[in-house]
Amino acid sequence: MPAAGLTKHAVELAPGVHWVGALDPHLRSFDIILKTANGTTYNSYVVRGEHGVAVIDTVKENFADIFFERLESVARYDEITTIVLNHLEPDHSGALPELLKRAPQAKVYLSSRAQMMLKALLKPSGGKPPEYIPVTTDDEVDLGGRTLRFLHTPYLHWPDTQCTYLVEDGLLFTGDIFGCHFCDARLFNDRVGDFRFSFEYYYAHIMRPFRENVLDALALIEPLALKLIAPAHGPILRHSPRDYVQRYRELAMPRLFNEARSEKTLIVFYISAYGNTRRMAEALAAGAEAIGGVRVSLYDLEGGESGIFTDLIEEADGLAFGSPTINADAVKPIWDVLSSLTTVNIKGKLGAAFGSYGWSGEAVRLIEDRLRGLKMRVPLEGLRIKLVPDSNELEQCRSLGENLARHLTGRMENRVVDMASLA
Ligand code: FEO
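One numbering rule holds for all chains: residues counted from 1, following each sequence as written. Totals for whole chains, interfaces and linings use all residues, but because this is a predicted model, local features are given only for residues with pLDDT of at least 70 and pairs of side-chain atoms are given and counted only at 80 or more. Side-chain figures throughout are based on the complete set of non-hydrogen atoms in the structure, without hydrogens or water.

Draft legend 1. Spotlight on the domain arrangement of the chain. Note: domain ranges come from an automatic or database domain assignment. When the domains of the chain are assigned, the result is domain 1 (11-252) and domain 2 (264-409). Any two residues having at least one pair of non-hydrogen atoms within 4.5 Å are treated as being in contact. Contacts between domain 1 and domain 2 engage 5 residues on the former and 8 residues on the latter. Taken over both partners, the interface formed by domain 1 and domain 2 buries close to 540 Å², and the fraction arising from carbon and sulfur atoms is 40%. Buried area: the sum, over both parts, of the accessible surface (1.4 Å probe) that disappears when the two are put together. Contact with domain 2 buries area across many residues of domain 1, yet Arg208, Pro209 and Arg211 alone supply 87% of it, more than any other trio. The term salt bridge refers to a pairing of a side-chain nitrogen on Lys or Arg with a carboxyl oxygen on Asp or Glu at a separation within 4 Å. Where domain 1 touches domain 2, the interface holds 4 salt bridges. Ionic pairing is found between Asp311 and Arg208, a salt bridge with its closest N-O pair at 2.7 Å. Residues are grouped as follows: Ala, Val, Leu, Ile, Met, Phe, Trp, Tyr, Cys and Pro are nonpolar; Asp, Glu, Lys and Arg are charged; every other residue, Gly included, is polar. Residues that form the side of domain 1 that touches domain 2 fall into these classes: 2 nonpolar, 1 polar and 2 charged.

Draft legend 2. Molecular detail of the packing of aromatic side chains. Ring pairs are drawn from Phe, Tyr and Trp, using the six-membered ring of Trp, whenever the two centres fall within 6.5 Å, and their geometry is named by plane angle: stacked under 30 degrees, edge-to-face over 60, tilted for the rest. Scanning the model with the defined rule gives 15 aromatic pairs in all. A ring pair is formed by Phe178 and Tyr248, whose centres lie 4.5 Å apart and whose planes are at 50°; its orientation type is tilted. Of this pair, Phe178 sits in the loop between strand E15 (171-175) and helix H5 (196-207) while Tyr248 sits in helix H7 (residues 241-252); the two residues are 70 residues apart in sequence, bridging distant segments of the chain. By the burial criterion, Phe178 is buried, and Tyr248 matches it. Taken together through their ring pairs, the aromatic side chains of Phe178, Phe182, Phe195, Phe199, Tyr203, Tyr244 and Tyr248 make up a single cluster. Only runs of H or I of at least four residues qualify as helices and only runs of E of at least two qualify as strands under DSSP, and these elements are numbered from the N terminus. When accessible area is computed with a 1.4 Å probe and restricted to protein chains, residues below 20% of their type maximum are described as buried, those above 50% as exposed, and intermediate ones as partly exposed.

Draft legend 3. The arrangement of unusual backbone geometry in detail. A cis amide bond links Leu156 to the next residue, His157, at an omega of 10°. Among the structural elements, His157 can be located in the loop between strand E13 (147-152) and strand E14 (162-166). The phi dihedral of Tyr155 is positive, around 65°, even though this residue is not glycine. Take Tyr155: it is sitting in the loop between E13 and E14. Despite not being glycine, Leu187 has its phi angle at roughly 65°, a positive value. In this fold, Leu187 is placed in the loop between E15 and H5. Leu187 gets classed as buried once you look at its relative accessible area, which sits at 3%.

Draft legend 4. Expanded view of the sheet that holds strand E8 (residues 53-56). The sheet built from 7 strands is open, its strands ordered E1-E2-E7-E8-E9-E10-E11 with mixed pairing. Pairing within the sheet leaves two strands with one partner each, and these edge strands are strand E1 (11-14) and strand E11 (131-134). Averaged over all adjacent pairs, the angle separating strand axes in this sheet is 25°, with direction ignored. Pairing analysis gives 3 bridges linking E1 to strand E2 (residues 17-19), with the strands arranged antiparallel. Within E2, the residue paired with Glu12 across the bridge is His18. Any two strands are treated as partners once DSSP identifies two or more bridges connecting them. Throughout, an axis means a line fitted to C-alpha atoms (over the contacting stretch in the case of helices), and angles, computed between N-to-C directions, take values from 0 to 180 degrees.

If you want it as structure tokens, here you go:
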């Protein structure tokens, strides 16, 4: 974790293009949920043109002093004509209020969503507000012999995010995209330690839930001539930058290729203390399988850790969870899987719950609440069966499976309401 050895000066990426960011080697968790074994960096960049200077993103507020020191080593504040905000999260906008005070003449280029969010970040200071210019794909800023071109790449990982391309030099400033939490004062990917695990970990936790947006962004990025990728965290990617683009493409593509295109997938997770919930799961799975057009997978969570199912869950169309009720709750392996779903986009998937119980049977309702909280569709009432399911109750499980399959395949019969019965 070599953080020493870096001077307080800016670091040159290309003639007239500098890194003016900050190192945070001692950070061990980010946004509470991300582990950062190597700390992180907050990368900010300065681009000099013949008519002015652009600053692209800033740093976390506590690192403003070193940011300004590095910035002052390559530009005067009165030269700054342009501030680009690729992303507004406070680790990149923390020094912005002070920068705006020091360079009040600068115009601020940002996405239209960022402009809306900025009000919540920047409390009115009483001075003249800066000139904000919302930009989107192909909008440009001429710095004099150098052109900044914007790419609209929202939801990576906030609604505001965008990328900025320095056209003449082939440099792409990407915000959090292609970033990782890895602090190494050697800065460039061909000089720092092995950061592959950090790159993959960051993608899995930050970008993965937005796979469709990643693919949209790649469609804009892949045609560019790329000499270097300058993300907002971690190593600057000057050696084989396209490898990282390709890796994002691989990570964002569907992983399971053995399903017929028209086939839907239902995964049934269960855990069972005495075999009762297992029998329910097997009956439900058999019912779903019988409908046709649905590929059903059955997993006993006693035999696996939650993390290994992430890919399956991401690509499944429906998820059913079976848990006994112990101490008025679902059991821990079920909650482990459900809590792991925050890194996966499961909005709109079909969900269901079932389980055997001895006394009160709260598990099914609790699981259903969680599924709805994750914005899954839960159209069918879950099944709670007291202790050992008899043949009629197993038939109910089978019927639940059949109806889940019908929902997945669009063959659910419309319920006909007898108006007379409502009288
Ligand atoms: Fe690095 Fe989303 O902030």
